[in-house]
Each structure stands twice: as C-alpha cells, then as structure tokens.
Amino acid sequence: MLNKDDITKIKSEKDDWIKKMGCQQDAEIFHATPSGIKIKNLYTPEDVSNLDYLKDLGFPGSYPYIRGVYPTMYRGRPWTIRMFSGFATPEETNERWKMLLDSGETGFSAAVDVLTFNGTDPDTPGVDADVEVGTSGVPLYSIKGVEALVKDLPIKDISVALVTEPMTAVGLTSMYFNVAKNKGVPLSQVAGTTQNDLGTMTIGYITYDSLRPDKLLKLACDMIEYCTAMKQAPKWNPINFTTYNYREGGINAVQEIAFGFTNAIDHIEEMLRRGWKIDDFASRLAFHLSADRNFFEEIAKYRAARRIWAKILTEKYGAKDPRSIIMKYHVQTAGSSLTAKQPLVNIARTAIQALEAVLGGCQSLHTNSYDEAICLPSEEAVKIAVKTQQVVMEETGVVNTIDPLAGSYYIEWLTNEIEKRILNYMQEIENQGGFVKSLNNGWLFNEMSKAFNERQKAIVEGKERVIGVNCHLDEEKERPIPFKTNPWAADVEKERLRKLRSERNNQRVATLLDQLRRDCAQNKNVMPTVMELTAEGATLGEITRVYREIWGIWELPIAI
Amino acid sequence: MDKKIRVLTVKVGLDGHWRGVTTVSLILKNAGMEVIFGGFQTIENAVNVAVQEDVDVIGLSIHSGAHITWIKKFVEELKKRGLEKEFVLVVGGAIPEHDFAMLKQIGAHDVFGPGTLPDKIIQSIQEKVEKKELENKNV
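Nothing here was measured: the structure is a model prediction, and the numbers come from that model. (Residues numbered from 1 in each chain as written. Chains lettered and ligands numbered in written order. Predicted model: local features only at pLDDT ≥ 70, side-chain atom pairs only at ≥ 80, totals over all residues.)

Draft legend 1. Expanded view of the interface of chain A and chain B. Each partner contributes residues to the interface: chain A has 37 residues there, and chain B has 32 residues. Taken together, the elements giving at least two residues each to the side of chain A that touches chain B come down to helix 6 (114-118) and helix 20 (443-460) of chain A. In terms of residues, the side of chain A that touches chain B owes the most to one element, helix 20 of chain A, which gives 5 residues. Taken together, the residues of the side of chain A that touches chain B sort by class into 21 nonpolar, 12 polar and 4 charged. (Contact = placed C-beta atoms within 7 Å. Helix = DSSP H or I, 4+ residues; strand = E, 2+ residues; numbered from the N terminus. Nonpolar A, V, L, I, M, F, W, Y, C, P; charged D, E, K, R; others polar.)

Right, dumping it as structure tokens:
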C-alpha cells in the first residue's frame, strides 16, 4: 500500500499531465467492457490505493489464490491441452483421439452426440432419433461404445473428460468406470472429469424431455457423493460447473461467474443437507470457463473468480483443506466469437483467447478450430488449434513467470471491479432463491435472453464490431467444403445395440432396472445400481427412461 | 400487407440449441409477425401445429448437422399429407453455405446460416409469403 501523501502527489501530477498534454477530452471518454464496466484512458496507483498486497493478492498456491492455485503454476507443470472432440462412431472418434495424442494433446475430452445427452437410444420407437446419431458428437449409448472409444488409448496416464449433463452423467461415467476397471485401472486410480452440470443443459442448451432441475441436482449430487464423499473414485472430478456454456448463451463475464458460483452453492447446500462436511467433497468441485473477446476483462474475471471462490469456501462454509478452497478450471475459447465469414480469421481470435486463458492461470485448455462456425472440426483445423496452444506454451515465454499481469494498476483495478459486480449479481440470484429455483421459475432464461438480444442488437447496429460480419467485409469467396460425418453411423450404432441386447443377460438387466426404479422412488443414491446396470450392458436410454418414468418431464419456462 | 404473417418456429429432433430459435422468433415478432413458438417437436407434431395454427410460414432451427436429413423428412411428411404447397418452409441454424442449394432443391424456400442479419430473414419471409399468395391466387 502506498501512503496517502504519495497517492495525493500522483493524483495532482496526473491532473497536471492531463492539462499539459492537452488530453482533457480523452480523459472524459469511457469505453465500456462487455460487462458494462467503464474503462478510463489511464490507470495509476491512485486506482488501487487500498490494495493490501499480502491480504488481497498473496502468493501462488496460498490464500486467496488470486495469483494461481499452485505454487509453481506452469513452471512446474504446463496446462493440459484437452481438445473437446467426438463425431460419427466411437471407432472414428478413437482415430481422431489418436491423431490428437500424436499432435501433442495431453488430455482427452469426449463430445457426445445429442442422443447420448438425451439418454435416448437410436432404436427408441416413436422418436426419429437415428437422424442425429454421431452428427454432433460421438455416440456412447452403452459400455460397448465406450470400450471402442478408448481402445488402445493410455487412459491410465491420460485423464478423460466426459461432457454430458446430470440426466446421463451417472450412466455414462459408470460405463467409463467399468471399462477402466476392465482395462486394469481401478476406480481408486481412474482420473478425469464428468461435466455433470445441470446448468449446462438447461441454460445454454436444453435437452429434449429433460428432467426437472431439482431432479438433475439430485443426480449430480449422487455422483459427487459416490465419487468424492464416499471415496469410490477419489481422483475423478464428479462435476465441472460449465459456465462456458452459459456464457455462450449470450451473457457477460460477470453473469458467467455469478451463474456458476450460485449453481455450485446449490450443490454444496445439497451435499451438506445429506450430512457431509464441506471438506468431504469440495476438493473435487471443478469449473469450465469461457475465454471470450475482451482480453483484459477475461483475465480479471479468472483472477477475481479464484479470490471469490476461496472466500466463499472459507468464510461461508469453513473449509480447511486447501484443495477445497482452490478453484480449478478448464477453459474453452469462445465458440460464439467465431464467424462463418472469413473463417481463417478465427485462428487469430482463438490464439488471442488462448493467451487470455493462460495469462489468467487455467489448468486445462481447449482451443476451437477455425471451421467450427461452419461444421464439426476437420482434421486440419483441429491440428492448427492444438498448435496454437503449443505456440503459446513453447514460443511466447508467457509461462516463465507466474501471474505476470499482477500489479498492473489496470488489471488489479479491473479485478476488484469485476469481483464487486459478481458478488452483487450473485446476490440478485440468491434473492430469487438461488440458481436452481431461478432456473425453474424462468428468471435465468429471461436474464439470458435479455443479454443475448442486447448483444445481437449491438452487432446489427455495428456498435459491437465483428470483423467480416459488420465491418472489414471481403469479397465473397468460394467456401471450403465442410467436414461431414459418416452417414452410416446410425446403422453401425443400431447394430451395436442389437448385438449387445442379444448377448447380455436381459433378465438381470430387467431386475436391476426395477432396483433403479425403487432407488429413484425412495430417493436413494442411484450410482451403485447404475454401476451394476452398465456393467451388465444396460443402455443410457434404458436408464434414463426409468428417471423419466418415475420423476416426469420438465415443462420449460421459456416464452417468446 | 394488411394481414399479419403467421409463423411457426420450431426445433425438430433432439438437438437442444434453443438460443437461435428464440432469438429469431423475437426478431420476427418485433417485425410485426404473429409468431407461434413451438419449442421441441417431432415432425408429425410440428406439422399438426402448423395446420391447427393456420400459419403461413414454418421455420425450422437445426444445429445438429443433420439438416439435410431433417428437411428431407419434413418435406416427405408434408407431401404425405398433401400439404407441400401450403407453407413457406425456411430453415436456419449451424448450416454451411455449401448445403444451401441442396436444401432448396429438397424443398426449403430459404436457408439462414450463421451470421445472417435479421433484416435479411424478415425480408425473405415477406417476399416468399407474397409470392406464395400470388401463386395460390393464380391456381
């Protein structure tokens, strides 16, 4: 902290400088960030005059963790290059994963298709489900699909992220656990993450025939309880609050973190209601954030988020274990910032966003492929995306010191400012009864629609500049042929299920499905039964049908 | 035009990207059209709603990559029920320009890919509806 006299002197010299340089006019202009924070022409110690280094910033790996969650950060271990990937069939995705591994990827992440998200088998009668098999992700309907996905891959050493939401998370994760066991990796060693965030698939994307949010919360907490609290899979992150997806729905950086933290708080409260202590489970609550367009605001967001999380966990919940207090997160560069026009420009956007994520201190990173506004990533585009991370990691030198932007008057001021706004917005959500309640009553949808429509308007009016869309337009050129997935995937997957159903012990599956019905009706943790079910070859569709049957379907609170 | 254009906006299939369809619905509503937001529907239900609500336009939103198959199935359903000349059929979503011609050949009157500005959607729908009304008069 500077003393008062120094600050007064800086202030008066700054006023002199403004006059002398004739920049009065410029000093009165404020540029707003996407969150609406007004930015001045220049920041000086005056703007952070109350900053108490030891209390507000501290050191990496210690409270309040703003400077990084680990003491050595990237000097000790670089972030994980984890590319979200999946399409057509498990076999084809397996080939893509091998290519990614050869290109330098250090973590896997499964993008699953819409049937997997929905817990709908391709042969479900009355649903035209087979149309979308493998079109936007890898189909993983049974243990057989998961086996094929990870065939010959070193899953003992490389962690896997399963990107699906609570309705199918327990089922898919159980399949993966059973496959890992069969491959000689015991549950005590299996490493990875399930997305398992009820917000992901309700706020940004809505699953067809979704369960009600309170039931999704129950299922998500069943997995947190089974994996972490009951120590069945202690190295697995049973949830990853995916604020990235909320953000992609059009909200700003402040809303992104406030949505994520209030959602996490609802899960913490549910776990406490079940009788667990905060340190029994909080160490494995993880996050997945966005790296969007405003460079410094995003960096300030990551730093502020770490400090807020540390405060909530200690001050509100009394966590003692440092692993509970640190906010670990994966980052994905903003898909919504990519354009279908002039697609190669997306490489530049993604590179800048990757730099943001790294300067902000992420633990793991996905960089988008330049063709993602047009189609699923082609092999060429995805390789460039991996190499973009390698450029940041190995060429720029930004990894050589920890939290290099700390102490910048602007960054520290912006971090404080965004922290204040996140806390205020969290209070607004809490006033609605918390995240799950405000999702159920439609308030969150309204907030999101409002934000998105404003942003859309800004783009149309040219206030928000998008190169190639509303400014710096080029002559239209012949577009590249988009990457297409295998049109026979549906037949392959239907055959895989037919074979499975003819080989498995159907009576045993039926008995276990009855057990699951009882678990659901009696509000028991469903995961032990689902572990058995998936080992016996039950499909995601069969498991999810039980949930829908017992708990019913959610009526969406969305209106135009 | 004195009569308000009636539009059914709907998502078919399991794909849950709802942002686009609600945004476009609002844009059309603000442009003075009557918008019936159908949410998620099977093809059969979507056509039922279109008939019941007596809409001029059906707008399908598809982000799953399976747009060609969906439009084929949708047009087949309309033909099966003798309704292929009843509606202006437009489709929007994560659709590469490369596929536009194919979708139009199958039966979509227009396709709106990523980055389409609202005015273009409004204008296209107005033109297509006027054209259809003229055609129907001449029959």
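Draft legend 2. Region of interest: the domain arrangement of chain A. Residues and elements named next belong to chain A. For chain A, the assigned domains read domain 1 (4-53) and domain 2 (54-460). Each of domain 1 and domain 2 has a C-alpha centre, and these two points are 36 Å apart. Its residues assigned to classes, the side of domain 1 that touches domain 2 shows 7 nonpolar, 3 polar and 2 charged. (Domains from an automatic or database assignment.)

Draft legend 3. Layout of the sheet that holds strand 5 (residues 160-163) of chain A. Residues and elements named next belong to chain A. Across the sheet, 9 strands lie side by side as 7-6-5-4-3-11-10-9-8; this open sheet has parallel pairing. The open sheet has two edge strands, strand 7 (236-237) and strand 8 (239-241), and neither has a second partner. Inspection of the sheet shows strand 9 (residues 285-291) paired to strand 10 (residues 329-333) by 5 bridges, in the parallel sense. The residue bridging Ala291 from the neighbouring strand is Thr333, located in strand 10. Set on the sheet, helix 12 (residues 253-273) makes contact with strand 8 and strand 9; between it and strand 8 the angle comes to about 145°. (Pairing = 2+ DSSP bridges. Axes fitted to C-alpha atoms, helices over the stretch in contact; angles between N-to-C directions.)

Draft legend 4. Region of interest: the sheet that holds strand 2 (residues 34-41) of chain B. All names here are of chain B. Judged by pairing direction, the sheet is parallel, and its 5 strands sit side by side in the order 2-1-3-4-5 without closing on themselves. The open sheet has two edge strands, strand 2 and strand 5 (110-112), and neither has a second partner. Recorded for the sheet is a direction-independent mean angle of 20° between the axes of neighbouring strands. As judged from the 5 bridges shared by strand 1 (residues 6-12) and strand 3 (residues 57-62), these two strands associate in the parallel manner. From the neighbouring strand, Val7 faces strand 3, where its bridge partner is Val57.

Draft legend 5. Region of interest: the pairing of strand 10 of chain A. Residue and element names in this part refer to chain A. Burial runs high along strand 10: 5 of the 5 residues are buried. Side-chain alternation along strand 10 places Tyr329, Val331 and Thr333 on one buried face and His330 and Gln332 on a second face that is also buried. Of the strand pairs in this sheet, strand 10 and strand 11 (residues 364-366) are connected by 3 bridges, and their pairing is parallel. Within strand 11, the position partnered with His330 by the bridge is Ser364. Once the chain exits strand 10 it traverses helix 16 (residues 345-359) before rejoining the sheet at strand 11, and the crossover so formed is right-handed. (Buried ≥ 20, exposed ≤ 12 C-beta atoms within 10 Å, placed from the backbone. Right-handed = clockwise from strand over helix to strand, strands pointing away.)

Draft legend 6. Seen up close, the environment of Ala169 of chain A. Residue and element names in this part refer to chain A. Mapping Ala169 onto the fold places it in helix 8 (residues 166-182). Each C-alpha atom, one on Ala169 and one on Ile558, is 25 Å from the other, the two residues being 389 residues apart in sequence. Among all residues touching Ala169, those that are not within four sequence positions of it are Thr164, Thr194, Gln195, Asn196, Leu219, Ala220 and Met223.

Draft legend 7. A look at the nonpolar core. Counting residues in each nonpolar core, the largest one holds 153 residues, and the members touching the most others are Ala110, Tyr176, Ala220, Met223, Ile224, Ala258 and Ile422 of chain A. Of the residues forming this core, the biggest block, 10 residues, is contributed by helix 10 (residues 213-229) of chain A. When residues no more than four places from it in sequence are discounted, the contact partners of Ala220 of chain A are Pro166, Ala169, Asn196, Leu198, Ile239 and His267 of chain A. One finds Leu8, Ile27, Val35 and Trp70 of chain B within the second-largest nonpolar core, a separate group that totals 43 residues. (Core = buried A, V, L, I, M, F, W, Y, C linked by C-beta atoms within 7 Å.)

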